[in-house]
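# Chain and residue survey
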Amino acid sequence: MGTLGLTIVLVAAALTMIDASIVNVALPSIQSTLHTDASVSQFVVSGYVIAYAILLVLGGKLGDRYGRRRLLQIGVLAFTLTSLACGLAPNIDSLIVARVLQGGSAAFLLPQALSTIQTSLADAAKTRAIGLYGAIGGLSAAAGQLLGGVLVWANIAGLEWRPIFLVNVPLGILALIGAKAQVPDTKAAANQPMDLGGTVLLGVGVLALLIPLSVGRQVHWAVWCWALIALAVVAGVVLWRYERKLEQQGRTPLIPPSLVRLRPVNRGLLVLGSGFLVFSGFSFAVPLALQDGNGMSAVESGLSVAPLAVGAFLGSLRAPKVMGKFGMRTVNVGGGFLVAGLALLIVAAKAWWPHLHFYELIVAMFLIGVGNGLFIPPVFRTILTALPPDQAGAGSGIMSTTQQTSVAVGTAVLGQVFISFAAGGDMNLGFVTVTAAYLVVGALLLLFGGAALTQKTGD
């Protein structure tokens, strides 16, 4: 795969990552124009992520079986059409439905990016490509909020928030054309059957967990919420036993237990999931707190997280060199930057609220971005290099599912924490509480991150 092909793969992946975060900064505008509130509009975020999380492993397996370029093209086409549906949505209900479909489309697209990189590039080029993937991942999460803020502020043709989705249409068309010409078509050596039972059990478990986490507060944690959480636990246990039985019979499970048992994989998933869980809650709270609680405009809120995007990009680009010196302890270094940045952010929020300006957050957000940039690439490399080539799609799907499920859980749990404080009239305390939760995970990465990823025999 050449440079142009890699660029197309990364741009296609970036579209899904940007759309996971671009909507956050537009939520106040969506609430105003569609006449809803934060407790409902959070489903514009979580609906996308839930569908994304449920279908990612299936998307990876389909790429393994039918060809990764083919699934990439299908995913890009579906993502483009559902983005158009989001941009034209007349009410909050139709927007949430369109976002769910958009998240499902993204689930068929994203695993093909990682598995194509894993199977199409030699080791040196693969390491650089994974570094770029991590850089784009970190950049997309924050740049999405900046881009969203600018587009909402610009109010193009009086469309308010709608261009944050409509901008995907021309980009998707270009990616679709480029994929056909420049991306190699790879797939697993063996034609593996699909695990429909595992897919259903995974979907039931994820939905049963995320629905009560998302709406529990609004319904005062009714009995059915706890019943769904119990169902999620049962579904998880049954899924693991079912998948283990399939693998013992020589069949192909959706989530191969042999992959999950690999130490680099399970430790990497733990570190990856914890980081994305708190980052997603933080990303949900920041634009709402800065706009509704601190009085910033959408564009100034976007500018507030721009240094995070720059830091994440630069940190990810430097990560391979830092890893050459520190190995997996690069995660500890990233944790140190996170702790410093988050501590400064809490100090700024306590000192200047409700008159914070974006320039007062530059140093704190930049350090948080650098921390994310250094933390993600070594985790990705640890997991991906442990995967057999024929299971690259399944492994990439497991990794992405862990990431997106963590995002959904973080948005639901920490989002509810923030909304609870906001409903009581104290957005500052809610913002500080969510940031402090992120700080705790950053401290754990600082102290233990590298050791969690390091093999007994060395890095």
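Here's a quick rundown of the structure. (Residues numbered from 1 in each chain as written. Predicted model: local features only at pLDDT ≥ 70, side-chain atom pairs only at ≥ 80, totals over all residues. Heavy atoms only, no water.)

## Regarding the layout of surface pockets
Formally: Only protein atoms enter the 1 Å grid used here, on which a cavity is any set of points holding a 1.4 Å probe that cannot leave and a pocket is any open set flanked by protein within 12 Å on both sides along at least five of seven lines; residues with an atom within 4 Å of a point are listed as lining. Grid points are joined across faces, edges and corners, and a volume is the space filled by probe spheres set on the points. Helix and strand assignments follow DSSP, with helices taken as H or I runs no shorter than four residues and strands as E runs no shorter than two, numbered in order from the N terminus. Any residue that is not Ala, Val, Leu, Ile, Met, Phe, Trp, Tyr, Cys, Pro, Asp, Glu, Lys or Arg is counted as polar, Gly included; the first ten are nonpolar and the last four charged.
As a volume, the largest pocket reaches approximately 570 Å³. What lines the largest pocket is a set of 22 residues, among which L202, L239, I255, T401 and T402 lie closest to the centre. Listing elements by their share of the lining of the largest pocket, those giving two or more residues are α8 (196–215), α9 (223–248) and α15 (392–423). Within the lining of the largest pocket, the residues separate by chemical class into 15 nonpolar, 6 polar and 1 charged.

## So, a nonpolar patch on the surface
Basically, it comes down to this: Nonpolar side chains (Val, Leu, Ile, Met, Phe, Trp, Tyr) within 5 Å and like charges within 9 Å form the patches, drawn only from residues with over 30% relative accessible area and no salt bridge. Accessible surface area values rest on a Shrake-Rupley calculation with a 1.4 Å probe, where residue burial reflects the displayed protein chains alone. A side-chain nitrogen of Lys or Arg and a carboxyl oxygen of Asp or Glu constitute a salt bridge if their distance falls within 4 Å. Summary of the burial criterion: residues with accessible area below 20% of their type's maximum are buried, those above 50% are exposed, and those between are partly exposed, where the area comes from a 1.4 Å probe applied to protein chains only.
On the surface, L132, V310, L314, L317 and F366 cluster together to form a nonpolar patch covering roughly 370 Å² of accessible area. In terms of residues, the nonpolar patch owes the most to one element, helix α12 (residues 298–326), which gives 3 residues. One can find L314 in helix α12. Judged by relative accessible area, which is 41%, L314 ranks as partly exposed.

## Side note on the packing of helix α13 (residues 330–352) against helix α14 (residues 362–384)
For clarity, the threshold we go by: A fitted line through C-alpha atoms represents every axis, and for helices the fit uses only the stretch in contact; the resulting angles, taken between N-to-C directions, go from 0 to 180 degrees. Oblique is the label for any angle not covered by the other classes, which are roughly parallel (under 35 degrees), roughly antiparallel (over 145) and roughly perpendicular (65 to 115). The hand of a helix crossing depends on one turn: near helix anticlockwise from the far one by less than a right angle means left-handed, and clockwise means right-handed. Residue contacts follow a heavy-atom distance rule, with two residues in contact if any of their heavy atoms lie within 4.5 Å.
As a packed pair, α13 and α14 sit with axes 7 Å apart at the nearest point and diverge in direction by 160°. As the angle between them shows, α13 and α14 are arranged roughly antiparallel. The element α13 and its partner α14 pack so that their crossing is left-handed. From α13, T330, V331, V333, G334, F337, L338, A340, G341, L342, L344 and L345 reach across to α14, where they touch V363, A364, M365, L367, I368, V370, G371, N372, L374, F375, P378 and V379. The class makeup of the residues in the contact of α13 with α14 is 18 nonpolar, 5 polar and no charged.

## Concerning the packing of aromatic side chains
Going by this rule: Ring geometry is summarised as follows: Phe, Tyr and Trp rings, the Trp one being its six-membered ring, pair when their centres sit within 6.5 Å, and such pairs are stacked at plane angles under 30 degrees, edge-to-face over 60 and tilted between the two.
Under the counting rule described, the total for this entry stands at 7 aromatic pairs. Centre to centre, the rings of F279 and Y438 are 6.1 Å apart; their planes meet at 65°, and the pair counts as edge-to-face. Residue F279 is located in helix α11 (residues 263–293), and its partner Y438 is located in helix α16 (residues 427–453); the two are separated by 159 residues in the primary sequence. Each of the two residues, F279 as well as Y438, counts as buried.

## Side note on the packing of helix α1 (residues 3–33) against helix α4 (residues 92–120)
Two quantities define a packed helix pair, namely the angle between the helix axes and the distance between the axes. Interaxial distance between α1 and α4 falls to 9 Å at its minimum, and their mutual angle equals 155°. Classified by the angle between their axes, α1 and α4 sit roughly antiparallel to one another. Two packed elements cross with a definite hand, and for α1 against α4 that hand is left-handed. Residues L6, V9, L10, A12, A13, T16, M17, D19, V23 and I30 of α1 pack against I92, L95, R99, Q102, A106, L109, L110, A113 and I117 of α4.

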